[in-house]
Amino acid sequence: MTDTKSARAAGESAWALPLLTLLPVVALRYLTSPSTPWLVISWAFCALSAVLLAAGWVTVFRHGMRGPSAWVTCFLAHAALAVQVIWLVRN
């Protein structure tokens, strides 16, 4: 049995960078008070994460998804972004 997916198919790495860009937002959320400069920085990192998620979806639409572990990482990235955006909107 051979793998029919392209070598360029989206894997966990397509979703890892958006997750990593949310780490500063989480750190700012728990280590600082929600002041204006920190909120602006948090929104910038969330926007960057959203752009990287969109780039991941472009890869999925062009080349497909590698496997179940990539879907799990995709779900985690989207859930983490949603939680952070909800927190930012509420502040």
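Structure: above.
These remarks concern the structure in this document. Given the structure is predicted, the values throughout are model-derived calculations rather than measurements. (Residues numbered from 1 in each chain as written. Predicted model: local features only at pLDDT ≥ 70, side-chain atom pairs only at ≥ 80, totals over all residues. Heavy atoms only, no water.)

Some words on helix α1 (residues 12-21)
Looking at α1, one finds that the buried residues are Ala14, Trp15, Pro18 and Thr21. Taken end-on, α1 shows its buried residues confined to a sector of 115°, consistent with a single buried face. Structurally, α1 contributes buried residues whose contacts are with α2 (23-31), α3 (36-63) and α4 (68-90). (Buried < 20%, exposed > 50% of the residue type's maximum accessible area, 1.4 Å probe, protein only. Helix = DSSP H or I, 4+ residues; strand = E, 2+ residues; numbered from the N terminus. Arc of directions from axis to C-beta. Contact = heavy atoms within 4.5 Å.)

Section: the nonpolar core
Ranked by internal contacts, the top residues of the largest apolar core, which has 15 residues, are Trp15, Leu22, Cys46, Leu53, Met65, Leu81 and Leu88. Ranked by the residues each element gives to this core, the list is headed by α4, at six residues. Among residues more than four places away in sequence, those in contact with Trp15 are Leu53, Gly56, Trp57, Val60, Met65, Ala70, Thr73, Cys74, Ala77 and His78. (Core = buried A, V, L, I, M, F, W, Y, C linked by side-chain atoms within 4.5 Å.)

Details of the packing of α1 against α3
α3 packs onto α1 with a crossing angle of 175° between their chain directions and a minimal axis gap of 8 Å. Of the possible angle classes, the one that applies to α1 and α3 is roughly antiparallel. Contacts from Ala14, Trp15, Leu17, Pro18 and Thr21 in α1 reach Phe45, Leu48, Ser49, Leu52, Leu53, Gly56, Trp57 and Val60 in α3. For the contact of α1 with α3, the per-class residue count stands at ten nonpolar, three polar and no charged. (Axes fitted to C-alpha atoms, helices over the stretch in contact; angles between N-to-C directions. Parallel < 35°, antiparallel > 145°, perpendicular 65-115°, else oblique. Nonpolar A, V, L, I, M, F, W, Y, C, P; charged D, E, K, R; others polar.)

Some points on the packing of aromatic side chains
Applying the stated criterion to the full structure yields three aromatic pairs. Here the aromatic rings of Trp57 and Trp71 are separated by 6.0 Å at their centres, their planes lie at 55°, and the arrangement is tilted. On the criterion of sequence distance, the pair formed by Trp57 in helix α3 and Trp71 in helix α4 is long-range, its members being 14 residues apart. Residue classification places Trp57 among the partly exposed positions, given a relative accessible area of 25%. Taken together, the ring pairs in this structure connect Trp15, Trp57, Phe61 and Trp71 into an aromatic cluster. (Phe/Tyr/Trp six-rings, centres within 6.5 Å; stacked < 30°, edge-to-face > 60°.)

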